[in-house]
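In case you want the letters, here they are:
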Amino acid sequence: MKDSDLRKLVLKNKKNLKESDVYESERFNDLVRSLLFYLTRNKRNNVQVKIAKRDKNGEAAYTDGKTINIFYKNSFSDTFPTINLKVDSVLGLLFHEVGHLLYTNFDEGTLMINNIINKGEFLQFADISKNQKKASEEIQVYLKKYPMLKMVLVECISRISNIIEDVYIEAKLCAEYEGTVKMAIRMNTERLVEKAISVKKMKEIGLPAYVEAMNLILEYVSCGTYNNWENITDGATEKVDSIKELLDYAVTVESSYGRLVESTKILYEIWDVIKEEIDAKEQQISNMMQNQSNGSGDTQQNEAGNSSNSSNSSNSSNSSNSSSSNVDMIGSAIANEMMKEMENIQSTSNENKNAKTSNEYRGRDKDKASKNNHSITNSNSDGSKTNNSNQV
């Protein structure tokens with residue numbers, strides 16, 4: 001066979017090549033296992049890699065420290081135009097998860113989340129600023145009034161710590177391994193930046209300031225800037241601009257516990273914009289409940305007539321119980337609305353699901369909640385998450 005004929009045959013077969021022919025082949029799986037063995041220095045030879053087409057929850061990759069799960073048909077890798085680039089992207093996901101195996105302390109993150117959920121306690125540190133101390137004290141006041149806000153703060157701290165952790169572990173891995181590892185990770189990072197939602201777009205779709213701030217934090221720590229070509233200034237941009245030095249430092253801290261401390265500081269620094277949203281929702285929900293109560297009260301007054309003294313005493317007791325119930329209802333409504341809003345936070349990683357997370361705290365999807373500590377999920381450029389029965 002002539003060389004020219006052989007080239008034509010290769011090109012023809014390559015054109016007809018399906019993704020499943022690559023990812024489900026024994027050769028590709030052998031390659032992945034070899035890469036894992038090499039990158040982990042054979043110190044984690046008990047770790048398994050599972051490659052599948054899709055994940056029902058839409059994740060592209062995740063690890064629990066024992067197994068790395070990679071889903072090659074995910075909407076992030078699918079944004080690349082050729083099968084070669086898609087394979088590089090999937091390998092980049094693998095390398096990212098290997099980075100967690102090498103550099104992430106899963107137990108410390110789990111303990112932090114459990115302490116917040118079970119005790120309402122955040123990490124303590126000596127170098128707390130005046131601003132951060134004030135935020136810490138205010139958070140405890142709000143949690144005492146609305147305990148359900150724990151799940152909101154767990155979601156916030158989980159996302160912040162995972163953002164910091166992702167950037168740290170990728171930088172460490174790229175510094176240690178040049179070539180394919182660095183290229184694949186950088187390629188995925190650049191695509192994430194390309195898909196980053198702009199400040200203008202976030203305002204157009206009406207994202208709350210705290211969601212905008214967390215999106216900007218992700219963009220900034222990933223590439224040193226955020227998508228704001230129109231130079232829009234608002235509460236979120238001002239807040240993120242004011243903590244850039246803290247963000248720059250957080251992704252360089254060597255100890256896993258130290259990065260969790262810096263993540264807690266970041267939460268305290270953006271507490272103002274979180275609190276603003278809580279206060280606004282509290283007012284809105286209270287007004288709505290008051291209006292409903294007034295309407296119901298007018299009807300009951302017309303039907304009631306005169307009451308006895310004992311009836312008045314009973315009504316007073318009922319009123320006290322009703323007031324307590326209303327506070328619980330308001331807290332629950334605020335938390336649920338904010339959890340829904342946070343689905344629009346861009347992410348390279350999900351919450352710390354190796355511990356009790358906000359989803360498990362709400363009693364939802366416990367199987368999913370116990371699944372992973374770090375994962376890659378998919379986000380659309382408009383800020384909304386993709387869920388094609390699947391889930392940066």
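Note that the coordinates shown come from a computational prediction; the quantities given were computed from them, not determined experimentally.

1. Brief notes about the overall build of the protein
Helix and strand counts for the protein stand at 17 helices and four strands. Evaluated residue by residue, the protein yields a buried proportion of 50% over its 392 residues. When the accessible area of the protein is evaluated, it comes to approximately 19300 Å², of which 47% is carbon and sulfur surface.

2. Remarks on helix α7 (residues 149-176)
Across its 28 residues, α7 extends 41 Å between first and last C-alpha, which sits within 8% of the 40 Å expected from 1.5 Å per residue. Among the 28 residues of α7, 24 are classified as buried, and the element is accordingly described as predominantly covered.

3. Observations concerning the side chain of glutamate 277
In this fold, glutamate 277 is placed in helix α14 (residues 271-304). What makes glutamate 277 buried here is its relative accessible area of 16%. Among the polar contacts listed, one links the side chain of glutamate 277 to the side chain of lysine 281, at a separation of 2.4 Å. Discounting chain neighbours no more than four positions away, the residues touching glutamate 277 are Pro208, Tyr210, Met338 and Glu341.

4. Focus: helix α8 (residues 180-194)
Its 15 residues give α8 an end-to-end C-alpha distance of 21 Å, which sits within 8% of 21 Å, the value for a rise of 1.5 Å per residue. Along α8, the residues that are buried comprise Val181, Ala184, Ile185, Met187, Asn188, Thr189, Arg191 and Leu192. Against α3 (26-39), α4 (83-103), α7 and α10 (209-223) lie the buried residues of α8.

5. Things to note about the packing of α7 against α8
α8 packs onto α7 with a crossing angle of 145° between their chain directions and a minimal axis gap of 8 Å. The handedness of the crossing between α7 and α8 comes out as left-handed. Counted together, Glu170, Leu173 and Cys174 of α7 and Val181, Lys182, Ile185, Arg186 and Thr189 of α8 form the full contact between these two elements. In terms of residue class, the contact of α7 with α8 is built from four nonpolar, one polar and three charged.

6. Section: the nonpolar core
Counting residues in hydrophobic clusters, the biggest one holds 63 residues, and the most contacted among them are Ile266 and Ile274. Sorting elements by how many residues they give to this core places α7 first, with 11 residues.

7. Describing the pairing of strand β2 (residues 59-63)
A large share of β2 lies buried, amounting to five of its five residues. Note that β2 and strand β3 (residues 67-71) share three bridges and pair antiparallel. Looking across to β3, one finds that threonine 63 is bridged to isoleucine 68.

8. Quick word on the packing of helix α6 (residues 130-145) against helix α13 (residues 256-269)
Helix-helix packing is described using two parameters, namely the angle between the two axes and the distance between the axes. Close contact between α6 and α13 brings their axes to 8 Å; oriented N to C, the two are set at 80°. Comparing the axis directions of α6 and α13 gives the class roughly perpendicular. Listed contacts from α13 to Asn131, Gln132, Ala135, Ser136 and Ile139 of α6 are Lys265, Tyr268 and Glu269. Of the residues that constitute the contact of α6 with α13, the class distribution is three nonpolar, three polar and two charged.

9. As for the pattern of salt bridges
Under the counting rule described, the total for this entry stands at 23 salt bridges. The salt bridge involving aspartate 78 is made with lysine 86; its shortest N-O contact spans 3.9 Å. Residues glutamate 165 and arginine 259 are paired through a salt bridge, measuring 2.8 Å at the closest nitrogen-oxygen approach. Of this pair, glutamate 165 sits in helix α7 while arginine 259 is found in helix α13, placing the two residues 94 residues apart along the sequence. Taken as a pair, glutamate 165 and arginine 259 share a single burial class, namely buried. Residues participating in the shared-partner salt-bridge network are Glu19, Lys73, Asp78 and Lys86.

10. Describing unusual backbone geometry
Phi is positive for asparagine 231, close to 55°, though the residue is something other than glycine. On the secondary structure map, asparagine 231 appears in the loop between α10 and α11 (235-242).

11. Description of the environment of aspartate 248
Considering the arrangement of structural elements, one finds aspartate 248 in helix α12 (residues 244-250). In this structure aspartate 248 comes out as partly exposed when scored by relative accessible area, which is 41%.

12. Focus on the packing of aromatic side chains
Applying the stated criterion across every chain, the model contains eight aromatic pairs. Taking 6.3 Å as the distance between ring centres and 90° as the angle between the ring planes, the aromatic pair formed by phenylalanine 76 and phenylalanine 80 counts as edge-to-face. With respect to burial, phenylalanine 76 and phenylalanine 80 carry one shared label: buried. Aromatic rings pair up to connect Tyr23, Phe28 and Tyr72 into one cluster. The ring of phenylalanine 80 carries arginine 191 above its face, with NZ or CZ at 4.3 Å from the centroid.

The rules we used
- Residues numbered from 1 in each chain as written.
- Predicted model: local features only at pLDDT ≥ 70, side-chain atom pairs only at ≥ 80, totals over all residues.
- Heavy atoms only, no water.
- Helix = DSSP H or I, 4+ residues; strand = E, 2+ residues; numbered from the N terminus.
- Buried < 20%, exposed > 50% of the residue type's maximum accessible area, 1.4 Å probe, protein only.
- Areas by Shrake-Rupley, 256 points an atom, 1.4 Å probe, with all protein chains shown as cover.
- Expected span 1.5 Å × (residues − 1).
- Polar contact = N/O pair within 3.5 Å; in protein donor to acceptor, adjacent residues only side chain to side chain.
- Contact = heavy atoms within 4.5 Å.
- Axes fitted to C-alpha atoms, helices over the stretch in contact; angles between N-to-C directions.
- Left-handed = near helix turned anticlockwise from the far one by under 90°.
- Nonpolar A, V, L, I, M, F, W, Y, C, P; charged D, E, K, R; others polar.
- Core = buried A, V, L, I, M, F, W, Y, C linked by side-chain atoms within 4.5 Å.
- Pairing = 2+ DSSP bridges.
- Parallel < 35°, antiparallel > 145°, perpendicular 65-115°, else oblique.
- Salt bridge = Lys/Arg side-chain N within 4 Å of Asp/Glu carboxyl O.
- Phe/Tyr/Trp six-rings, centres within 6.5 Å; stacked < 30°, edge-to-face > 60°.
- Lys NZ or Arg CZ within 6 Å of the ring centre and 35° of its normal.

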